[in-house]
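So the chains spell out like this:
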Amino acid sequence: MSQLGTLEDLPLRYREELQQLNLAPLWPSMRKVLPHNKPSRKTQPTFWSYQAIRPLLLEAGRITPIEKAERRVLVLANPGLGIENLVATPSIYIGMQLILPGETAPNHYHTPSAVRFVIEGEGAYTLVGGEKCPMHRGDLILTPSGMWHQHGHDGKEPVVWMDALDLPLIYYLEASYAVEGKVQPDNNLPDSSQTRFRRSGLLPYDTLGREKKPYPLMRFPWQEVRGALADLASATPADQAVRLAYVNPQTGEECLPIMGFSALMLRPGEERRLTRRSASSVIHVVEGGGEASVDVVDSRWEEHDTFAIPTHAQVRLRNLSARDPAYLFIVDDAPMQRKLGFYEEFTAP
Ligand SMILES: [Fe+2]
């Protein structure tokens, strides 16, 4: 590898002349933006304990009224990327949101796409484009780019969910903004997307031969996902992963354009090395407890903990229970990388 010239190699007069004309020489920065063989990464493997987050989130409920927050969220910020930048990985935003009984989070839409993954509490709902989606523990609810959404809570206990957004990329592209709206009218067809598209392999007949909707299914109930994982495990050899992708039921493609979602079941005692790949990801523990190693960082995880996986990282997961499966929900940016044509998987560790 040849040693490239540095900025200091250039005469001061020349550098100043370039700067005045808004020009920059490439060669001193070439290896920084195009390193050989592996990208340079600032993202740190980072673990967030839900037990540590929960009391601070509940305290936010006491000290910050919803009117002062709109969305009462603690953001899981990767220290390698700067806490102030509010990103878990270069492309994924993750926040823990609290809504208290009787509260509403006002109607808006924005250019980034978002999903909610419910962590605890019953009685909350999200209205997406007029459709009222109930929020039970482990449910995934989509609020894609440009769709009106608001949240409410008719229950009796605090509700916490995890938000995942493709905000970092949209913000970097200087295309991120939100529009506020009046309270959304309810279309009186609650959860109809889930009702219509409930069974894989079965589609509402009137969708055949018609133009495919980009987002036909808004809610993926955990009850269905968990059951499907158990069924898949019964038909999957022990050396293969039990993992399901959340997809658009009409196209079979990932359900959002930038972020991908999957659910992984670790059988009792199972240890698994995930395929090393170019995508970054965030893993959230739905049920169970275990150990993880991400590159050189080891950690223990419990229910509702979350961890950030940098691009190209080596990941090992182990379910410490000899009796119960563990369930993990994974967000990644593989759909975007596939569309842009640079998604890679590596066979070597
Ligand atoms: Fe929103």
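Rules used throughout
Sequence positions are assigned chain by chain, starting from 1 and proceeding in written order. Local features in a predicted model are, by the rule used here, given only for residues with pLDDT of at least 70; side-chain atom pairs are given and counted only at 80 or more, and totals for whole chains, interfaces and linings are based on all residues. Here the side-chain values reflect all heavy atoms present in the structure, with hydrogen atoms and water set aside. The donor set covers N, O and S atoms within 2.8 Å of the metal, switching to 3.2 Å for Na, K and Ca, and it leaves out water, so a site may look short of donors. Put simply, DSSP marks the helices as runs of H or I at least four residues long and the strands as runs of E at least two long, and each gets a number from the N terminus on. Each residue's exposure class comes from its accessible area (1.4 Å probe, protein chains only) as a fraction of the maximum for that residue type: buried when under 20%, exposed when over 50%, partly exposed otherwise. A contact between two residues is defined here by any heavy atoms of the two lying within 4.5 Å. To estimate the expected span of a helix, subtract one from its residue number and multiply by 1.5 Å. In this context, the arc is that of the directions from the helix axis out to the C-beta atoms. Two N or O atoms count as a polar contact when they lie within 3.5 Å, although within protein this holds only if one can serve as hydrogen donor and the other as acceptor, and sequence-adjacent residues are included solely when both atoms are side-chain atoms. Buried residues of nine kinds, namely Ala, Val, Leu, Ile, Met, Phe, Trp, Tyr and Cys, make up a nonpolar core once their side-chain atoms join them within 4.5 Å. Classification of ring pairs uses Phe, Tyr and Trp, with its six-membered ring standing for Trp, and accepts pairs whose centres are within 6.5 Å; under 30 degrees between planes counts as stacked, over 60 as edge-to-face, and the remaining range as tilted. A pairing counts as a salt bridge when a side-chain nitrogen of Lys or Arg comes within 4 Å of a carboxyl oxygen of Asp or Glu.

(A) Structural detail: the coordination of the iron ion. Within the protein, His-108 (NE2), His-110 (NE2) and His-149 (NE2) serve as the donor atoms for the iron ion, at 2.1 to 2.2 Å. All donors of the iron ion belong to a single chain; written as a sequence motif, their spacing is H-x1-H-x38-H. In this pair, His-108 is assigned in strand S4 (residues 104-110) and His-149 in strand S9 (residues 149-153), connecting sequence segments 41 residues apart. Across the pair, His-149 and His-108 agree in class, each one buried.

(B) View of the environment of Ala-241. You can see Ala-241 is positioned in the loop between helix H6 (222-234) and strand S13 (242-245). With relative accessibility at 33%, the residue Ala-241 sits in the partly exposed group. Taking C-alpha positions, Ala-241 is 7.7 Å from Leu-266, a pair spaced 25 residues apart along the chain. Excluding anything up to four places from it in sequence, Ala-241 contacts Thr-236, Leu-264 and Arg-272.

(C) Quick peek at helix H3 (residues 50-63). For H3, with 14 residues, the first-to-last C-alpha span of 20 Å sits near the 20 Å given by 1.5 Å per residue. For H3, the full list of buried residues reads Tyr-50, Ile-53, Leu-57, Ala-60 and Gly-61. With its buried residues spanning 100 degrees around the axis, H3 presents them on a single face. Opposite its buried face, H3 presents the exposed residues Gln-51, Leu-56, Arg-62 and Ile-63, each directed more than 90 degrees away. Contacts from the buried residues of H3 go to strand S1 (46-48), strand S2 (73-75), strand S3 (93-99), strand S5 (114-120) and strand S10 (159-165). Measuring from the side-chain oxygen of the N-cap residue of H3 to the backbone nitrogen of Gln-51 gives 3.2 Å; that N-cap residue is Ser-49.

(D) Inspection of the nonpolar core at higher detail. Among the nonpolar cores identified, the biggest contains 50 residues, and Leu-140, Trp-222, Tyr-246, Phe-261 and Phe-329 are the most heavily contacted of them. In contact with Phe-261, other than residues within four places in its own chain, are Val-115, Leu-140, Leu-244, Ala-245, Tyr-246, Cys-255, Leu-256, Phe-329, Ile-330 and Val-331.

(E) The side chain of Gln-150, seen in detail. With respect to the helices, strands and loops of the structure, Gln-150 is situated in strand S9. On the accessibility criterion, Gln-150 (9% relative accessible area) is buried. Leave out the neighbours within four places in its chain, and Gln-150 touches Arg-71, Ala-105, Pro-106, Asn-107, Tyr-125, Thr-126, Leu-127, Lys-182, Val-183 and Gln-184.

(F) Broad picture of the packing of aromatic side chains. Here the structure, examined in full by the defined rule, presents eight aromatic pairs. Aromatic side chains Tyr-246 and Phe-329 sit 5.7 Å apart centroid to centroid with 90 degrees between the ring planes, which places their arrangement in the edge-to-face category. A residue pair is termed long-range when its members are at least 10 positions apart, and Tyr-246 in the loop between S13 and strand S14 (260-266) and Phe-329 in strand S22 (residues 326-332) qualify at 83 residues. Here Tyr-246 matches Phe-329 in class, with each residue buried. An angle of 0 degrees between the planes, with centres 6.1 Å apart, marks the rings of Phe-261 and Phe-329 as stacked. A residue pair is termed long-range when its members are at least 10 positions apart, and Phe-261 in strand S14 and Phe-329 in strand S22 qualify at 68 residues. Owing to a relative accessible area of 0%, Phe-329 belongs among the buried residues under this scheme. One aromatic cluster is present, formed by Phe-117, Phe-220, Trp-222, Tyr-246, Phe-261, Tyr-327 and Phe-329 through successive ring pairs.

(G) Broad picture of the pattern of salt bridges. What the rule picks out here adds up to 19 salt bridges. Among the salt bridges present, the one from Asp-295 reaches Arg-41, with a minimum N-O distance of 3.4 Å. Of this pair, Asp-295 sits in the loop between strand S18 (290-294) and strand S19 (297-301) while Arg-41 sits in the loop between helix H2 (30-33) and S1; the two residues are 254 residues apart in sequence, bridging distant segments of the chain. For Asp-295, a relative accessible area of 27% puts it in the partly exposed group. A residue is classified by how much of its surface remains accessible, and Arg-41, at 33% relative accessible area, is partly exposed. Here Arg-267 makes a salt bridge to Glu-270, at a shortest N to O gap of 3.1 Å. Beyond isolated ion pairs, a larger network of salt bridges with shared partners links Asp-139, Asp-191 and Arg-219.

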